[in-house]
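# An overview of the molecular structure
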Amino acid sequence: MAGGQVEKRVKYKSSVKDPGTSGFLRIKEAMLLFVPDDPKSDSKLKVQTQNIKSQKYTKEGSQKPAWLNLTNKQGRSHIFEFGNYPDMHACRDFITKALAKCEEEPNKPAVPASTEQLSIRELELRFKLLKENSELQRLHKQFVESKVLTEDEFWATRKKLLGKDSIRKSKQQLGLKSMMVSGIKPSTDGRTNRVTFNLTPEIIFQIFAEKPAVRQAFISYVPSKMTEKDFWTKYFRAEYLYSTKNTAVAAAEAAEDEELAVFLKPDEILARETRQKIRRVDPTLDMEADEGDDYTHLMDHGIQRDGTRDVVEPQNEQFKRSLLQDLNRHAAVVLEGRSIDVDSEDTRIVAEALTRVKQVSKADGETGKDANQERLERMSRVAGMEDLQAPQNFPLAPLSIKDPRDYFESQQGNVLNAPRGTKGLKRNVHEAFGLLKESIVEIRARGLSDPLIKPEVSFEVFSSLTRTISTAKNIIGKNPRESFLDRLPKSTKDEVLHHWTSIQELLRHFWSSYPITTTYLHTKVGKLKDAMSNTYSKLEAMKESVQSDLRHQISLLVRPMQQALDAAFQHYEADLQRRTAKSSGGERPNGYV
Amino acid sequence: MPSVASKQYPDDVSLLVLLLDTNPFFWSTTSITFSQFLSHVLAFLNAVLGLNQLNQVVVIATGYSSCEYIYDSSLTSNHGSFERDRTGMPPLFASLLNKLEDFVTKDEELSREEGNEDRTPSCLLSGSLSMALCYIQRVFRSGHLHPQPRILCLQGSPDGPEQYVAVMNSIFSAQRLMVPIDSCYIGVQNSAFLQQASYITGGVHHTPKQLDGLFQYLTTIFATDLHSRGFVQLPKPIGVDFRASCFCHKKTIDMGYICSVCLSIFCEHHKKCSTCGSVFGQSKLDESSSVSDKKKKASQT
C-alpha cells in the first residue's frame, strides 16, 4: 500500500534569488523527491519527510508567484515555485498530513513499506518514461492517481520498458577514428624548413596500438634515456624520412642513430604476432589460390598514397613498409577498438596498459607448449577423407511437395471421402443441358427481346444504384482507404482511442489477478471491476453523445470493447458465486475470502 | 522492349474479355431464362463495340466441365456478311450463337464422361480466367499498340471450393498484369471468389438485384472503360468475403490450420501436411484446451 502521492510540475530554487530548475516534484508520505527535466542537471533532491521542520508559502492574493518554502531540520530551505495556487495547496496539504503522521509515530521507521525503497534511479526512469509517452502519462494519471492501481502494479506490467531503458543507459564504449595516423600531415610554414606535427592523446594511443615496437621503445627509453618530447621528435623524424620515400637517406640515418633505426625497421613484435597468427590459419587453406587476383602490374593500377604511386623497390627493403601492411594493421586496431579503459593524459601509463593487455591476450593465445601439437591434430582433423566421414544429419527437413497437383489441384482422395451436402441436387444432366440448348435455339429464332428493357425497370435500376452508392459512401467514406476514425471529430477520436488503451490496461490487470489466492488480489479485482463498470458507463455516454449519423459506426467500434468488458464481468460474477457457494458450503468460515 | 504504358492507345480503347457462365445446372434454376439473359448480354456487347471503333470484345464460355473462346470481334470472319436474317439478329452474333451451341453440346458430352455427380454445381471459373489471361498476355506481346484489357465475369453459379487455389492463382496473375477483373454476380448466394478477384485486382464487383434490368446494370457499371473510371462513382462493395477453402475437404472456412512450411490450409488438425509431408507437433490450441480440460476435471473432483 502506497499511501498516495502528489506529483506536480515545479521549479526548484535553492535560494530566493536562484532562477530555478524546472522539473517534477513528487511527494510521498515518507519523502519528497524532485527530478529536474534536464537529466544532466545536478539539482536532484530527495528529502525525508521526517527531516522537514516547517513549511511556509505565499498567500494566494499576493502578487508573488506560488512558492512553497520547506525548511529542514538542518536549517536549509528548499523553495518550489508552482504553476498555480491549487497545485501548491495540494502539495502543502499533503506535506502537512505527512508531517502530522511523522509526529504521531516518531518511533516508527519513516519508511513504512518496501514500495518506498525504490532507488532514485528507477524513479527517474519512470518519470522519464511518463514524460516521453503522453499516452502512458494519461493512463498513469487515470489509474494510479485515482487509486485503481498502485504505483507498483502499474509499473509491474511495464518492466520491459524500464529494463530496455536501463540497458540503453549503459555507457557505450568509444571507438577509434578510422583515419590513419599517417594521414596526419605535417604542416610547414613555407619559409623555413621546420616541420610541425600535432600530437594528441588519441593519436598517441593509436600509434601505440598500431606499432608495438614504438610502444616498447617508449617504455624502455622514456624517461631514462630521453625526454618524451625528444622521443616523439625522433619518431616523427623517422616518419618524415619514411614519407619522403628516400630509402637511401633513411638507411644512412638509421646506421648513425640506433634509436631512430628502431622506428624505421620493420616492427619485430608485430612480425612475431603475425607469425603466430599464420600458424593458427587453417592448414588446408590454399593461399596461392587467389594469387591471380593481384593485378597491380596492370597499367593505371596500384595504390595511390600521398599522391604518389606506392612502388616497392627491391633494395633497402627493410626500410620499406607497404601501404597494404599499414592499412591492414590500422584496420585491425580500429576493429579491436579501445581495449583499455585508461583515460589518462600520461603517455607512459597508456603505453604500459597497452602492453599489459597485449601480454594477456598473448598468454591466452598460446596456452601451453603443445600449440604445435594441437596444430598437427587440427590438420589431421581437417584433412579427413570425405568418403570416410559419417553422413551429416542436419536437423531440417527439405520442402518436398511430392506431387504439385496436390497443391494446385484438388486432393481428390479427401474430397471423395468427405460427405457432401449436395446429394439432394442430383441433377439430370441431360435435362439441364437440353434446357440450355433450347434457350439458345430460341434466341436464334426470335432474336433479341424487344423491347430489351422496360423504362420502369431501367428507372428502378438507376435509383437503386444511386442508393447503393450513396449509402456505401456514407459507410466507407469517400476514400475507401480512409479509416472511419479519421472522420470523427478529433475529441471523439481521442476519446475512443483512450478508452481502448485504458480498457486494455484494466483488463490486463484484471485477468492477471486470477486465480484469486490472496485478499490483496481480491480487493484489487474489486477495484478493477469498479473502474471497469465506470468505463462501461462512459462508453455508453459517449455513444449517446455523438451525432446521429456517426452513432452507428461508433457503436460498431464500441461493441468489441463492451464485449471484452462483459466477458470480464461475467468471469467476476461467476467467480464470486463459486466462492460464496464454497464458503457457504461450510468448508470455510463465513465471510472468509 | 517498350513499357506497357507506352504501348497503349492514348485514350480509352478497351479489350473486354467476357466470361459467360453457361453452367446448365445454374440456368435451370433461375428466374430469367438463358435466352433473356443472352439478349441482355448481346446488346451490351454491341454497345461496348459501339463505344469506340477500336474496342475489342472476346467472349469465353465458362461451362460445367470445359471452357472455350466463342467470340472474338477482332477476327475478320465475323464481319463476313452484313445482311440481317429475318429475326433481326446482328450478323456478328449469329456466329457467336453457333459456337455457343457447339460448345454446349461438347460440354454435355464431357460432363457425361466425367460422371461425377458429387461435384458442386459450379462452373469452371479457374479455366476461363486462365484462358482470358492467356489471351491478354498474347495481346500484350503482339503489335505496337494494344487496347487496355479488362475481364468481366458474368457468373451465377456458386463457387467451386475445389478450384480455390487455381482461381486465386489466376487472380494474382491478373493483379500482376494489372488487369482488373470486374464481376457481376447474378446468383442467389454470394461469391467469395468474385469478391476477392475484384478487390485484389481493383475491379468492380456488383450483385444486381433485378435480373430483368441486367442490361441497365451492365451498361451503367461495366461499360465504363478504365480511363473513365477515375471520374465516375461506381458502386463499391461494403465488405469483402476473404474466406479461403481448405485443401483437405475443399470447404470454405473462417478459421483453420496453416502448414508453416508450404502454407497449405487445412480445416482440422493433421499430424502431417498432406501437401509437403511436414510433420506437425501438437498445436498450442489443442494443448491449452486439453490442459484446461484437465484442470477443470481436477478442480471438480
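Residues numbered from 1 in each chain as written. Chains lettered and ligands numbered in written order. Predicted model: local features only at pLDDT ≥ 70, side-chain atom pairs only at ≥ 80, totals over all residues. Heavy atoms only, no water.

### With respect to the overall build of chain B
Short version of the rule: For the purposes of this entry, the term helix denotes a DSSP run of H or I that reaches at least four residues, the term strand denotes a run of E that reaches at least two, and both are numbered from the N terminus. For every residue, the accessible area obtained with a 1.4 Å probe (protein chains only) is divided by the maximum for its type, and the residue is called buried under 20%, exposed over 50%, and partly exposed between those limits. The criterion used for residue contact is that any of the two residues' heavy atoms lie within 4.5 Å. Each accessible area value is a Shrake-Rupley result obtained with a 1.4 Å probe; residue values ignore everything except the protein chains displayed when judging cover.
Across its full length, chain B holds eight helices and 10 strands. Burial status across chain B gives 56% buried among its 301 residues. Within chain B, contacts between residues separated by at least 24 positions form 66% of all contacts whose residues are at least 6 apart in sequence. Surface exposure of chain B reaches about 13,900 Å², of which carbon and sulfur atoms provide 55%.

### Notes on the packing of aromatic side chains
The cut-off we apply is this: By convention, a stacked pair of Phe, Tyr or Trp rings (six-membered ring in the case of Trp) has centres within 6.5 Å and planes under 30 degrees apart, an edge-to-face pair has planes over 60 apart, and any other such pair is tilted.
One pass over the full model with this rule turns up 21 aromatic pairs over all chains. Ring geometry for F26 of chain B and W27 of chain B: centres 4.9 Å apart, planes at 70°, overall edge-to-face. A relative accessible area of 8% places F26 of chain B in the buried class. Residue W27 of chain B is classed as buried on the basis of its relative accessible area, which comes to 8%. The interplanar angle of 80° and the centroid separation of 5.2 Å between the aromatic rings of Y199 of chain B and F242 of chain B together place this pair among those described as edge-to-face. With Y199 of chain B in helix α6 (residues 192-201) and F242 of chain B in the loop between α7 (214-222) and β7 (244-245), this residue pair connects regions lying 43 residues apart in the sequence. Exposure remark for Y199 of chain B: the relative accessible area of 44% places this residue in the partly exposed category. Classification of F242 of chain B by relative accessible area gives partly exposed; the value is 48%. Taken together, F208, F218, F231, W232, Y235 and F236 of chain A form an aromatic cluster joined through their ring pairs.

### Notes on unusual backbone geometry
With omega at -10°, the peptide bond leading from Y514 of chain A into P515 of chain A counts as cis. In this structure, L263 of chain B is a non-glycine residue whose phi angle is positive, near 65°. By the element assignment, L263 of chain B lies in the loop between β9 (257-258) and β10 (265-266). Classification of L263 of chain B by relative accessible area gives exposed; the value is 55%.

### Describing the confidence of the model for chain B
All names here are of chain B. Put simply, the rule reads: Every residue is assigned a pLDDT by the predictor, reflecting its confidence on a scale from 0 to 100.
In this model, chain B carries a mean pLDDT of 81, and residues with pLDDT of at least 70 account for 83%. Under a pLDDT of 50 for its full length, residues 1-5 has, in the predicted model, three contacts with residues more than four places off or in other chains. pLDDT under 50 marks residues 287-301. Its contacts with residues more than four places away, or in other chains, come to one contact. Complex prediction metrics read pTM 0.46 and ipTM 0.76.

### Quick notes on the side chain of D107 of chain B
Formally: Contacts described as polar in this section are N or O atom pairs within 3.5 Å, which, within protein, must combine one atom able to donate a hydrogen with one able to accept it, while residues neighboring in sequence count only if both atoms come from side chains.
Secondary-structure assignment places D107 of chain B in helix α3 (residues 91-114). There is a polar contact of 3.0 Å between the side chain of D107 of chain B and the side chain of S66 of chain B. When near neighbours in sequence (up to four residues on either side) are disregarded, D107 of chain B contacts F433 of chain A together with G63, Y64, S65 and S66 of chain B.

### Focus: the sheet that holds strand β6 (residues 205-206) of chain B
Residue and element names in this part refer to chain B. Worth spelling out the cut-off: Between any two strands, pairing holds if DSSP finds at least two bridges. Lines fitted to the C-alpha atoms define the axes, with helices restricted to the stretch that makes contact. Angles between their N-to-C directions range from 0 to 180 degrees.
Strand order in the open sheet formed by six strands is β3-β2-β1-β4-β5-β6, and the pairing between neighbours is mixed. Since the sheet does not close on itself, it has two edges, and those belong to β3 (67-72) and β6, each with one partner. Relative to strand β4 (residues 148-155), strand β1 (residues 14-21) runs parallel, the two being bridged by seven bridges. By the bridge assignment for β4, L20 is matched with L154. Where α6 meets the sheet, it contacts β4, β5 (181-185) and β6, and its direction lies at approximately 150° from that of β5.

### Considerations on the nonpolar core
All names here are of chain B. Quick note on the threshold: Side-chain atoms within 4.5 Å are what join buried Ala, Val, Leu, Ile, Met, Phe, Trp, Tyr and Cys residues into a set we call a nonpolar core.
F37, F44 and L45 are the most contacted members of the largest nonpolar core, which has 54 residues in total. Counting residues per element, this core draws most heavily on helix α2 (residues 34-51), at 10 residues. Y135, V179, I181 and C246 belong to the second largest nonpolar core, which has 41 residues in total.

### So, the side chain of T501 of chain A
Note on placement: T501 of chain A falls in helix α19 (residues 490-512). Ignoring sequence-local partners within four residues, the contact set of T501 of chain A consists of E135 and L139 of chain A.

### Observations regarding a nonpolar patch on the surface
For the record, the criterion: Residues enter patches when their relative accessible area tops 30% and they take part in no salt bridge; the joining distance is 9 Å for like charges and 5 Å for the nonpolar side chains Val, Leu, Ile, Met, Phe, Trp and Tyr. Salt bridge, as used here, is a side-chain nitrogen of Lys or Arg placed within 4 Å of a carboxyl oxygen of Asp or Glu.
Nonpolar side chains collect at one region of the surface, where I278, V281 and L285 of chain A lie side by side and expose about 260 Å² of accessible area between them. Mapped onto the elements of the fold, L285 of chain A is located in the loop between α11 (268-280) and β10 (304-305).

### Let's talk about the packing of helix α17 (residues 429-446) of chain A against α3 of chain B
When two helices pack together, their arrangement is captured by the angle between the axes and the distance separating the axes. Put simply, the rule reads: Orientation is classified from the angle alone, with under 35 degrees giving roughly parallel, over 145 giving roughly antiparallel, 65 to 115 giving roughly perpendicular, and any other angle giving oblique. Here the term charged refers only to Asp, Glu, Lys and Arg, the term nonpolar to Ala, Val, Leu, Ile, Met, Phe, Trp, Tyr, Cys and Pro, and the term polar to all other amino acids, Gly among them.
Look at α17 of chain A against α3 of chain B: their axes get within 10 Å of each other, and the N-to-C directions meet at 175°. With respect to each other, α17 of chain A and α3 of chain B are oriented roughly antiparallel. Contact residues: V429, H430, F433, L436, K437, I440, V441, I443 and R444 of chain A in α17 of chain A; L97, N98, L100, E101, V104, T105, D107, E108, S111 and R112 of chain B in α3 of chain B. Here the residues of the contact of α17 of chain A with α3 of chain B are counted per class, giving nine nonpolar, four polar and six charged.

### Considerations on the pairing of β4 of chain B
All names here are of chain B. Quick reminder of the rule: If the strands point away from the viewer and the path from the first strand over the helix to the second runs clockwise, then the crossover is right-handed.
The buried fraction of β4 amounts to eight of the eight residues, a majority that puts the element mostly inside the structure. Here β4 shows no split at all, with Q148, R150, L152 and L154 on one side and P149, I151, C153 and Q155 on the other all buried. Sheet analysis places β4 next to β5, joined by five bridges and oriented parallel. Directly across from Q155, in β5, lies its bridge partner Y185. With helix α5 (residues 164-177) bridging β4 and its parallel neighbour β5, the resulting β-α-β unit is right-handed.

### Re α11 of chain A
A turn of α-helix holds 3.6 residues, and therefore any two residues three or four places apart point the same way. Residue and element names in this part refer to chain A. Put simply, the test is: To estimate how far a helix should reach, multiply one less than its number of residues by 1.5 Å. Arc definition: directions from the helix axis to the C-beta atoms.
Taking 1.5 Å per residue as the helical rise, α11 with its 13 residues ought to reach 18 Å, and the 19 Å between its terminal C-alpha atoms agrees with that figure. For α11, the complete set of buried residues consists of I269, L270, E273 and Q276. For α11, the angular spread of the buried residues around the axis is 125°, confining them to a single face.

### Focus on the confidence of the model for chain A
All names here are of chain A. In this model, chain A carries an average pLDDT of 71, and 65% of its residues clear a pLDDT of 70 or more. Here helix α16 (residues 412-417) stands out as the element of chain A with the lowest mean pLDDT, 43, in contrast to helix α20 (residues 519-545), whose mean of 86 is the highest. Across residues 105-116 the pLDDT falls below 50, and counting only partners more than four positions away or on other chains, this stretch makes 11 contacts in the model. Within the model, pLDDT remains below 50 along residues 586-593, and this stretch shows five contacts once partners closer than five positions in the same chain are excluded.

### Here we look at α7 of chain B
With respect to burial, α7 of chain B is a largely interior element, seven of its nine residues being buried. Listing the buried residues of α7 of chain B in full gives L214, F215, Q216, Y217, L218, I221 and F222 of chain B.

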